[in-house]
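Next come the chains, spelled out residue by residue.
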Amino acid sequence: MDEADALDEVVSLLEYKYGPERVVLEPSLDADQGVYPDAAVFEDEELTVPFLLVEWSSLRTGHRTEKDLREVSEAVSSTDAEYGALLGPNVRFIFSGSSPAFRSYADLPPLEGEVTTQRRPVESEAELDFLISRCMNAHDEIRRKHSSYEHDQEVADEFLESLHLLIELRRQDLPADGEVDPSVIDDVYVEIEQRHEWYESGEALDSRLVSSTAAVFNGFDLGRTEDSVLESLFEVTHNEKRGGAYSTPLEVARQMVRLAGTQPGDLVLDPAAGRGTVLSLAAGRGAHGEGVEINPAVLRIATFYVDLFDRDVHFTVGNFFEKDSVQDPFDRVIVDPPFNMRLEDVEIPYTEGRDTLMSEEAFIAKGLSLLEDGGTVTISVPSGFLDSQRRNWFRELMLDTFELRSIVQFVDGPLYRHTSIDTAIVTLSNQSAAPDHKVQYAIIDSPEDPEVALRHAASNIDEGTAKSIPQNQLESSWDIRKVVAQRSVRADLEAEYANLTHLEDIADISMGNRPENLLEKEHEDTLRYLSISNIGKGRDRHGDRYIPRENTKTIADETCVLIATIGDYTYTHIPSDPVAPAQDLAVVQFGTSEEALVYEAFFESELGQRQIDSYKSGSRISRVNISDLREMLVPNFSSENIQSTADDIRSHRQQTKELEYVFTPESRQPAQREPVRSVHCY
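Worth saying up front: this structure is predicted, and the values here are computed from it rather than measured.

How each quantity is defined
- Residue numbers run consecutively from 1 along every chain, following the written order of its sequence.
- Under the rules for a predicted model, residues below a pLDDT of 70 receive no local features and side-chain atom pairs below 80 are neither given nor counted, while totals for whole chains, interfaces and linings still include all residues.
- The side-chain numbers reported here are obtained from all heavy atoms of the structure, hydrogens and water having been left aside.
- The helix count covers DSSP runs of H or I at least four residues long, the strand count covers runs of E at least two residues long, and both are numbered beginning at the N terminus.
- Radius of gyration means the value over C-alpha atoms here, while the globule rule gives 2.2 Å times the residue count to the 0.38 power.
- A simple rule labels every residue: compare its accessible area, found with a 1.4 Å probe on the protein chains alone, to the largest value its type can have, and call it buried under 20%, exposed over 50%, or partly exposed in between.
- Residues are treated as being in contact if the distance between any of their heavy atoms lies within 4.5 Å.
- Residue exposure ignores everything except the shown protein chains as possible cover, and the areas themselves are Shrake-Rupley values with a 1.4 Å probe.
- Only four residue types enter the tally: Lys and Arg on the positive side, Asp and Glu on the negative side; His and the chain ends are excluded.
- Where a charge lies is defined by one atom per residue type: Lys uses NZ, Arg uses CZ, Asp uses CG and Glu uses CD.
- Strands qualify as paired when DSSP identifies two bridges or more between them.
- The term polar contact refers here to a pair of N or O atoms within 3.5 Å; inside protein, the definition further demands a hydrogen-donor-capable atom paired with an acceptor-capable atom, and it admits residues adjacent in sequence only when both atoms are side-chain atoms.
- To get an axis, a line is fitted to the C-alpha atoms, and for a helix only the part in contact is used. The angle between two axes follows their N-to-C directions and goes from 0 to 180 degrees.
- Roughly parallel means an angle under 35 degrees; roughly antiparallel, over 145; roughly perpendicular, 65 to 115; everything else is oblique.
- Crossing handedness is read from the near helix: turned anticlockwise from the far helix by less than a right angle, it gives a left-handed crossing, and turned clockwise, a right-handed one.
- Nonpolar residues are Ala, Val, Leu, Ile, Met, Phe, Trp, Tyr, Cys and Pro. Charged residues are Asp, Glu, Lys and Arg, and all others, Gly as well, are polar.
- Salt bridge, as applied in this entry: a Lys or Arg side-chain nitrogen positioned within 4 Å of an Asp or Glu carboxyl oxygen.
- To pair, rings of Phe, Tyr and Trp, with the six-membered ring standing in for Trp, must have centres within 6.5 Å; the planes then decide the type, stacked if under 30 degrees apart, edge-to-face if over 60, and tilted in the middle.
- Each ring is checked for a lysine NZ or an arginine CZ that lies within 6 Å of its centre and within 35 degrees of its normal; such an atom marks a charge sitting over the ring.

> With reference to specific residues and values, describe the overall build of the protein.
The secondary structure content of the protein amounts to 19 helices and 26 strands. In terms of overall size, the protein is more extended than a compact globule, its C-alpha atoms giving a radius of gyration of 34 Å where 682 residues would be expected to give roughly 26 Å. Across its three principal axes, the protein shows a C-alpha extent of roughly 105 × 70 × 50 Å. Within the protein, the fraction of its 682 residues that count as buried is 53%. Contacts spanning at least 24 positions in sequence make up 68% of the contacts within the protein whose residues lie at least 6 apart. Here the protein has roughly 32100 Å² of accessible surface; of this, 44% comes from carbon and sulfur atoms. Positive and negative charge centroids in the protein, built from 64 and 127 side chains respectively, lie 5 Å apart.

Okay, structure coming up:
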């Protein structure tokens, strides 16, 4: 529907309600009129006394909405009309007064008599978003006049707290349709504290904020509003209404509850409950929610959601890792914890008496210890957790002891907008894996909309149609993308070569040198310091640098292949003279220069590149760990094959140089170029 058609509908609605003789399109009013509403309703048939001024808005952007509301409000003020209205797609905001005290009404007011005090449900998410925006803007105006600005997160929390107080005022049939008395607010806090033992009220909210919220929501009944509409309130945070420090984004929470397999009657624990989004959604499925949260201020907002939805959720203030913080056996543990926290001196089941754990390990292990047989732990983790060498012991322990149900892995597209870290969602079950058990998985690569991609992945896993891999084929790594890629490359290697071996069996592999004690000029007993910028594509960013030989840990010569394993591209290089490789280069040292030449050609081949790429990991900058490089499979060439292939490579490169000399136009001088990367067959 275009704007003209929408405006026709608005006029038809007004004519039906008030009669066509009182409705005027684009009225010219007797006032100092700076703006003109789209339509007006007059009290008299002579069209002299304006009663209701109406603006239709597409609500296409926040700026457009603010402009349209401001204009109709200014028109109401300048003409002394009793009411104004902003109508748009799925939004009907009928009001009196002016910002910040827009008092809303349930429906278009009657021409005669007082407007009804009846309230109606909020009818759409768009309408709720509109009301949220009105309240937040009204609060901003109040702060500008009466106090200094707070932090963004506090502004969002204060709005939610004001809405909580309004709901409680209405619950207790206390005055909530005009200026709210501060003493009444104090009584409301007491009532909430008595009903929820975990609730700790802080400093009482400014009564002016509560009054403005009451005015905006005056005509609306949240108790009769559909949960699917109200759930938009979970997204009210400082970060564009999305995922703040203590808030799991709504769609992420919904799909974690789904991946956990939550059923009606389940007892569900969230050990880092935050605002309680996960537990509220689980309770919406008929479960009972138990949450542990260390920050009592955050639980004030979580309590608002409990009262708003009237769902079966209970909280405890405390540290989940303290002894006996919770005791009941649970059916599900679902947690979206802070990432990469180090925990010291904690006693966690299954962790072999280790005093120091990462938070992901601790949440998983203690969560599993609190489950009924067959219960599940579903947790979001940074993707690095899936493949970190330091976490190998933990992942191996989990595979040996429990069933790994599913992994949803994001690659090059973080799930949370407030972090650049790639994320994975892992589900484990408190039971041993059957020999034929398969782990369902989804690899979400560079998603345009991560939440939509997560929803599709969770749906496939829930329905049992996702891809899968036998658990007994997983070892220490849970990086499914790497595991799948390595299986594919291994199959191709086995088809191409009769004998394979691990690279560490035929070469010594080490890292290069740290950039310490570097010199700009060459001196006696120094070595050239060679980094990835010297052998990769593009210009050398640093120029020649040197390092004293006595400070050099690793020296590379013509028996070594240097591999740049950091970043999207893989480069190789064999130095003609001894150099000091930088720490961004892996040094693969063979017994002879012929071996180095042959294996460099393999590394540069399509299959070799795939093999190296299959070991790359990292959330922002991909890299190959030295330990993985040692384990990498390569052809095991015979001595005769190495010698003959090395001779062929040298011959090929000599011919290439001669051709370049012939076709170089400037005085037939050899071209100044980067080394040619060739693919060789043996």
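> Tell me what's going on with the pairing of strand β2 (residues 39-42), and back it up with residues and numbers.
Side chains A39 and V41 project from β2 onto one buried face, and the interleaved A40 and F42 project onto a second face that is buried too. Here strand β1 (residues 23-25) pairs with β2 via three bridges, running antiparallel. Paired with L25 across the strands is A39, a residue of β2. Note: β2 against strand β3 (residues 50-56), four bridges, orientation antiparallel.

> So, helix α6 (residues 207-216): which residues are in play, and what are the values?
When you tally the buried positions in α6, you get nine out of ten residues, the bulk of the element. Within α6, burial applies to S207, L209, V210, S211, S212, T213, A214, A215 and V216. The backbone nitrogen of R208 lies 2.9 Å from a side-chain oxygen of the residue at the head of α6, namely D206.

> Requested: an account of helix α9 (residues 277-284), with residues and values cited.
α9 sits mainly inside the fold: seven of its eight residues count as buried. Within two residues after α9, G286 carries a phi angle of roughly 100°, on the positive side.

> Quick rundown of the packing of helix α14 (residues 480-496) against helix α17 (residues 606-613)? Include the residues and the values.
Between α14 and α17, whose axes approach to 10 Å, the crossing angle comes to 150°. Classified by the angle their axes make, α14 and α17 are roughly antiparallel. For the pair α14 and α17, the crossing hand works out as left-handed. Here S488, V489, D492, L493 and E496 of α14 lie close against α17, whose contacting residues are L607, R610 and Q611. Here the contact of α14 with α17 is built from residues that sort into three nonpolar, two polar and three charged.

> Break down the sheet that holds strand β14 (residues 403-411) for me, with residues and values.
Spatial strand order, β9-β8-β7-β10-β13-β15-β14-β16-β17: nine strands in an open sheet with mixed pairing. With partners counted over all chains shown, the strands left at the sheet margins are β9 (313-317) and β17 (467-470), one partner each. With strand direction ignored, the average angle separating the axes of adjacent strands in the sheet is 20°. Where β14 meets strand β16 (residues 438-445), six bridges bridge the pair, whose relative direction is parallel. Directly across from Q409, in β16, lies its bridge partner I443. Packed on one face of the sheet, α9 meets β7 (267-270), β8 (288-293), β9 and β10 (330-335) and runs near 170° to β7.

> Explain the pattern of salt bridges to me, using residue names and the numbers behind them.
Taken as a whole, this structure holds 36 salt bridges when the rule is applied. For E494, the salt bridge is made with R490, and the minimal N-O distance between the two is 3.1 Å. Taken together, the residues span about one helical turn, with E494 and R490 both in helix α14 at a distance of four residues. A residue is classified by how much of its surface remains accessible, and R490, at 43% relative accessible area, is partly exposed.

> Tell me what's going on with the pairing of strand β15 (residues 423-429), and back it up with residues and numbers.
If a strand is regular, its side chains alternate between the two faces of the sheet. Along β15, seven of the seven residues are buried, which leaves the element largely enclosed by surrounding structure. Burial of β15 is two-sided: the residues T423, I425, T427 and S429 facing one way and the residues A424, V426 and L428 facing the other way are all buried. As paired elements, strand β13 (residues 371-382) and β15 share seven bridges and run antiparallel to each other. From the neighbouring strand, S380 faces β15, where its bridge partner is I425.

> Can you break down the packing of helix α3 (residues 125-146) against α6 residue by residue, with the values?
As a packed pair, α3 and α6 sit with axes 9 Å apart at the nearest point and diverge in direction by 150°. Put simply, α3 runs roughly antiparallel to α6. Note on packing geometry: the crossing formed by α3 with α6 is right-handed. For the pair formed by α3 and α6, the contact residues are L131, R134, C135, A138, H139, I142, R143 and H146 on the first element and R208, L209, S212, T213 and V216 on the second. Residue classes in the contact of α3 with α6 are distributed as six nonpolar, four polar and three charged.

> Any chance you could break down the environment of R549 for me, citing the residues and the numbers?
Inspection of the secondary structure assignment puts R549 in the loop between β21 (546-548) and β22 (560-564). Of the residues examined, R549 reaches a relative accessible area of 36% and is grouped as partly exposed. When the C-alpha positions of R549 and D324 are compared, they lie 58 Å apart, and in sequence the two are 225 residues distant. In this structure, R549 is in contact with D525, T526, L527 and I555, ignoring residues within four places of it in sequence.

> Can you break down the side chain of S359 residue by residue, with the values?
Along the chain, S359 turns up in helix α11 (residues 359-369). Apart from the residues lying within four places of it in its own chain, the contact partners of S359 are P338, F339, N340, M341 and L343.

> Describe in detail the environment of F309, supporting the description with residues and values.
Along the chain, the position of F309 falls in helix α10 (residues 296-309). Note on F309: relative accessible area 7%, which makes it buried. When the C-alpha atoms of F309 and I532 are compared, they prove to be 57 Å apart, with 223 residues separating the residues in sequence.

> Outline the packing of aromatic side chains, supporting the account with residue identities and numerical values.
Going through the model one piece at a time under the given rule, you end up with 25 aromatic pairs. Both rings, one in W393 and one in F394, keep their centres 5.5 Å apart while their planes meet at 80°; by these two values the pair is edge-to-face. Of the two residues, W393 and F394, both sit in the buried class. By the ring-pair criterion, three or more aromatic residues cluster together here, those being Y497, F590, Y599, F602, F603 and F637. Sitting over the face of the ring of F130, R134 holds its NZ or CZ atom 4.4 Å from the ring centroid.

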